[in-house]
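Working through the structure, step by step
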Amino acid sequence: MSTLYDRLQSIEKEIDRLCLGRKLNIEAEYLKRIKCKKFLRCYVRVGMKRGVFIRLDSRVINDYKNGGEMKFSDVVKRLCIVFDSNLPSTTDIHAKLSSETGGRDGATEEIPRDDWGRSDSMHAKDVSMEDFFEWTKHSGDTEALEVSSDRTPSNIKLIFDLENPREIFRLSTKLGNLLMRYTDTKPNVVTHLWRYVNKNGLMSIDSDVVECNPLLKDILGVDRFSFPELPGLVVPHLCPLDYLVVDIPPIDGHTEIFDIPFEWDDLYQCPTLYTKRIHALDRKVESLKQLLKRCEERENVLNEFEKDPVAFINRWICIDMSDACHRASLFRNKDVQEKVFELLKKLE
């Protein structure tokens, strides 16, 4: 009997786990923000006669939502063009990380970063102002820009600092491995951590204190915490996104086209989580609309009667001869006849 009871308890725990996972997935589908995936297409042309000349043209493609047209300055916050820089391109960094981690997503070793959370490889060293050109969106809206110099660089780097309207952060390696995601917003990080706590049963039923397991303790650095403290505990693990670095060869007549993917909130599709209270308010609004419609119809009838009572009564009686007896029965009432007589007498 005890063996069957233990088996029943294990089955019950497994069912609870599956139900919780299903519930969390449904909540995620309701609450997630709807995103549009777009591309910033850049066209670069290089000239190397009597120095260097660079022209960058751009346009946003797949811009069939959100209304209006997006420009380069809506997507890019800052663009830097650097000559003779030791900055590795974003493609080289990803290829290096992929080879070091055996093709797995994300790195298992922590990458050295500065006080702002950006990797050391994203900083140019010993770059003179003559080799550095910068455009910011404060300079005005633009879709194209040109740079010319009498220098002959050995390499050209385009550094894009993209807009981040959704406030996405790059997660630390430990937190990213725990949540199986490496970029996300702060509210989503807090939500996923809270789900991790509930799924692993780290919070007691009679209190809101979370007892950290060894993995969570290693990340947050505390033995226990309450839910209001969680947003502050994850701040050290939220780092700004790295810049996008594109390597352009300094060859006369060289042209290159590349797309920069980015996500933008869809302003036309807004996810809504309906509750019972919202449904009740919707029904109340519909009933008020019907009442307003009936009042407007009644007002129109009374206005027509006030303008020409005789014509209105004749039209009302004779409008449908098949139902004339039913309609005329109202006027056989003595009180109605008296009121109509008084009204007609006043109008003479």
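Please read these numbers as outputs of a predicted model, since none were measured by experiment. (Residues numbered from 1 in each chain as written. Predicted model: local features only at pLDDT ≥ 70, side-chain atom pairs only at ≥ 80, totals over all residues. Heavy atoms only, no water.)

1. Points about the sheet that holds strand E12 (residues 244-248)
Defined as follows: What makes two strands pair is DSSP finding at least two bridges between them. Secondary structure elements follow DSSP: runs of H or I no shorter than four residues count as helices, runs of E no shorter than two count as strands, and numbering proceeds from the N terminus. For helices, the fitted line uses only the C-alpha atoms of the stretch in contact; every axis is such a line through C-alpha atoms, and the angle between N-to-C directions lies from 0 to 180 degrees.
Pairing is antiparallel in the open sheet, where four strands are placed in the order E4-E3-E6-E12. Taken across any chain shown, the strands that pair with only one partner, and hence form the sheet edges, are strand E4 (132-136) and E12. The sheet shows a mean angle of 15 degrees between the axes of neighbouring strands, taken without regard to direction. Where strand E3 (residues 76-83) meets E4, five bridges bridge the pair, whose relative direction is antiparallel. The residue bridging Val82 from the neighbouring strand is Phe132, located in E4.

2. Topic: the pattern of salt bridges
Selection rule: Here, a salt bridge means any side-chain nitrogen of Lys or Arg that lies within 4 Å of a carboxyl oxygen of Asp or Glu. Burial status follows relative accessibility: with a 1.4 Å probe on protein chains alone, a residue under 20% of its type maximum counts as buried, one over 50% as exposed, and anything between as partly exposed.
Counted according to the given criterion, the structure contains eleven salt bridges. With a shortest N-O distance of 2.9 Å, Asp57 and Arg55 are connected by a salt bridge. For Asp57, a relative accessible area of 22% translates into the label partly exposed. By relative accessible area, which is 24% here, Arg55 ends up partly exposed. For the salt bridge of Lys289 with Glu286, the shortest nitrogen-to-oxygen distance reads 3.9 Å. On the criterion of helical spacing, the pair formed by Lys289 and Glu286 is a turn pair, its members being three residues apart in helix H8 (residues 276-307). Glu286 sits in the partly exposed class, given a relative accessible area of 43%. One continuous salt-bridge network, built from bridges that share partners, spans Arg55, Asp57 and Glu146.

3. Considering helix H11 (residues 334-347)
Rules: A helix is expected to span 1.5 Å for every residue after the first.
Helix length check: H11, at 14 residues, gives a terminal C-alpha distance of 20 Å against a target of 20 Å (1.5 Å per residue), a fit within 8%. The element H11 is largely exposed, with a buried count of one among its 14 residues.

4. So, the nonpolar core
Rules: In these notes, a set of buried Ala, Val, Leu, Ile, Met, Phe, Trp, Tyr and Cys residues joined through side-chain atoms within 4.5 Å is what counts as a nonpolar core. The contact rule is simple, with two residues in contact once any of their heavy atoms fall within 4.5 Å.
Within the largest apolar cluster, 28 residues are counted, with the highest numbers of intra-cluster contacts made by Leu40, Phe72, Leu79, Leu158, Phe160 and Phe258. When contributions to this core are tallied by element, the ones reaching two or more residues are strand E1 (35-47), strand E2 (52-61), helix H2 (72-75), E3, strand E5 (144-149), strand E6 (156-162), E12 and strand E13 (255-265). With sequence-adjacent residues up to four places away left out, Leu158 is seen in contact with Val44, Leu79, Cys80, Ile81, Leu244, Val245, Val246, Ile248 and Phe258. In this structure, Leu171, Val197, Leu233 and Val234 belong to the second largest nonpolar core, which totals 20 residues.

5. So, the environment of Ile168
By the secondary structure assignment, Ile168 is in strand E7 (residues 168-171). Accessibility expressed as a relative area gives 19% for Ile168, which makes it buried. Sequence separation between Ile168 and Leu241 is 73 residues; the distance between their C-alpha atoms is 7.6 Å.

6. Describing the confidence of the model for the protein
The condition that has to hold: One confidence number per residue, pLDDT, is output by the predictor and ranges from 0 to 100.
Here the protein shows a mean pLDDT of 76. Residues at 70 or above account for 73%. Ignoring residues within four places in sequence, the model shows residues 102-122, a span with pLDDT below 50, making 43 contacts including any to other chains.

7. Describing the pairing of E3
Summarising burial for E3: six of the eight residues are buried, a large majority. Pairing between E3 and E6: seven bridges, direction antiparallel. Along E6, the bridge assignment pairs Phe83 with Ile156.

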